[in-house]
Amino acid sequence: MTALSGLRAVVTGGASGIGLATARALAAQGATVAVLDLDPAGVPGPLLGLRADVGDDTSVRAAVDAAATRLGGIDILVNNAGIGAVGTVEDNPDEQWHRVLDVNVVGMVRTTRAALPHLRRSAHASVVNTCSIGATAGLPQRALYCASKGAVLSLTLAMAADHVREGIRVNCVNPGTADTPWVARLLDGADDPEAERAALNARQPLGRLVTADEVAAAIVYLASPAAASVTGTTLAVDGGMQGLRLRPVTPS
Ligand SMILES: NC(=O)c1ccc[n+]([C@@H]2O[C@H](COP(=O)([O-])OP(=O)(O)OC[C@H]3O[C@@H](n4cnc5c(N)ncnc54)[C@H](O)[C@@H]3O)[C@@H](O)[C@H]2O)c1
């Protein structure tokens, strides 16, 4: 008997990075897991890969219903699919603002809305949203991305209030910069990838990037019956980036 035996989970954006690590970690704890992703082709068994675009309501409803049918219900929803954007408010055209907010924020609305009838039938219903350090700290060149994650933080609290009396808990994790294919793509596009990685490492008090498995462990905790009294919370997994103020290292 493991912590999540008998529970059924859906993870969006679960074919890569934090979502894949989360899907694996949920399965390792005994859950049966469906992954909803734009590209689920490489999703390993026993995870169930389903194609879905969180930017499209019809696609989301079909995939959530398929997941519920195949798994026999839904107890856990991890809203993790997200996309990035680089720039100040001068840099991103309106279309990009609409696209990123649509995927990162409205995407979570679509999947939660589709999953709620199933979650209401669960004795251990839980939603975990992947937010970001960008919701609580101003990061340079990330105006659109930070705005989307600020909205995710507020949405998490509002959803937690709306559904607490239905027995559905809602929380979010706030990762710092995590070593995933997303960040690898960003580093690959930098003028000096090594210098960029060193700068990202140095920005986190622990001195290194967060791992996808570390974020997944936090998501599994929030999703599990062990967190039965935890709702409307933000759990930072950020190497100390949000809360700590270190003095610069001075040469001795
Ligand atoms: N990597 C980081 O440093 C970091 C830090 C904080 C928060 N996050 C958040 O973590 C989440 C996952 O990021 P990651 O680094 O693992 O990224 P990733 O790019 O490795 O994986 C994202 C996955 O989401 C899927 N996806 C993208 N758009 C989708 C859509 N419209 N519908 C369905 N699936 C879609 C992709 O196909 C991919 O499999 C995102 O919400 C991101 O904002 C990441």
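Okay, so let's go over this structure. Nothing here was measured: the structure is a model prediction, and the numbers come from that model.

### Topic: unusual backbone geometry
Right, so step 1: Here the amide bond leading from Gly-45 into Pro-46 is cis, since omega sits at 5°, within 30 degrees of zero.
Right, so step 2: Structurally, Pro-46 can be placed in the loop between β2 (32-37) and β3 (48-51).
Right, so step 3: Despite not being glycine, Gln-141 has its phi angle at roughly 65°, a positive value.
Right, so step 4: Along the chain, Gln-141 turns up in the loop between β5 (125-130) and α4 (143-163).
Right, so step 5: Accessibility expressed as a relative area gives 39% for Gln-141, which makes it partly exposed.

### So, the site of the ligand
Right, so step 1: With respect to spatial proximity, 29 residues lie near the ligand, and among them Ser-16, Asp-37, Tyr-145, Ala-178 and Thr-180 are the closest.
Right, so step 2: Between the ligand and the protein, one listed contact pairs an oxygen atom with a backbone N or O atom of Ile-18 at 2.8 Å.
Right, so step 3: A distance of 2.8 Å separates an oxygen atom of the ligand from a polar side-chain atom of Arg-185.
Right, so step 4: Against a free-state accessible area of 830 Å², the protein chains account for coverage of 93% of the ligand.
Right, so step 5: Broken down by secondary-structure element, the contributors of at least two residues to the shell around the ligand are α1 (17-28), α4 and α5 (181-188).
Right, so step 6: The element best represented in the shell around the ligand is α5, accounting for 4 residues.
Right, so step 7: Composition of the shell around the ligand by domain shows at least three residues from each of domain 1 (8-175 + 211-235) and domain 2 (181-209).

### Things to note about the packing of α1 against helix α7 (residues 212-223)
Right, so step 1: Where α1 meets α7, the closest approach of the two axes is 8 Å, and the angle between their N-to-C directions is 50°. Compared by their axis directions, α1 and α7 come out oblique. Our pair here, α1 against α7, has a crossing hand that is right-handed. On α7, the residues that touch Gly-17, Ile-18, Ala-21, Thr-22, Ala-25 and Leu-26 of α1 are Ala-212, Asp-213, Val-215, Ala-216, Ile-219, Val-220 and Ala-223.
Right, so step 2: A per-class count over the contact of α1 with α7 returns 10 nonpolar, 2 polar and 1 charged.

### Observations concerning the pattern of salt bridges
Right, so step 1: Summed over all chains, the structure comprises 7 salt bridges.
Right, so step 2: Close ionic contact of Asp-57 with Arg-113 constitutes a salt bridge, the shortest N to O distance being 3.1 Å. Pair noted here: Asp-57 is in helix α2 (residues 57-71) and Arg-113 is in helix α3 (residues 94-119), with a separation of 56 residues, a long-range link.
Right, so step 3: Overall, Arg-113 belongs to the partly exposed group, its relative accessible area being 40%.

Reading the values: rules and limits
- Residues numbered from 1 in each chain as written.
- Predicted model: local features only at pLDDT ≥ 70, side-chain atom pairs only at ≥ 80, totals over all residues.
- Heavy atoms only, no water.
- Helix = DSSP H or I, 4+ residues; strand = E, 2+ residues; numbered from the N terminus.
- Buried < 20%, exposed > 50% of the residue type's maximum accessible area, 1.4 Å probe, protein only.
- Near = heavy atom within 4 Å.
- Polar contact = N/O pair within 3.5 Å; in protein donor to acceptor, adjacent residues only side chain to side chain.
- Areas by Shrake-Rupley, 256 points an atom, 1.4 Å probe, with all protein chains shown as cover.
- Domains from an automatic or database assignment.
- Axes fitted to C-alpha atoms, helices over the stretch in contact; angles between N-to-C directions.
- Parallel < 35°, antiparallel > 145°, perpendicular 65-115°, else oblique.
- Left-handed = near helix turned anticlockwise from the far one by under 90°.
- Contact = heavy atoms within 4.5 Å.
- Nonpolar A, V, L, I, M, F, W, Y, C, P; charged D, E, K, R; others polar.
- Salt bridge = Lys/Arg side-chain N within 4 Å of Asp/Glu carboxyl O.

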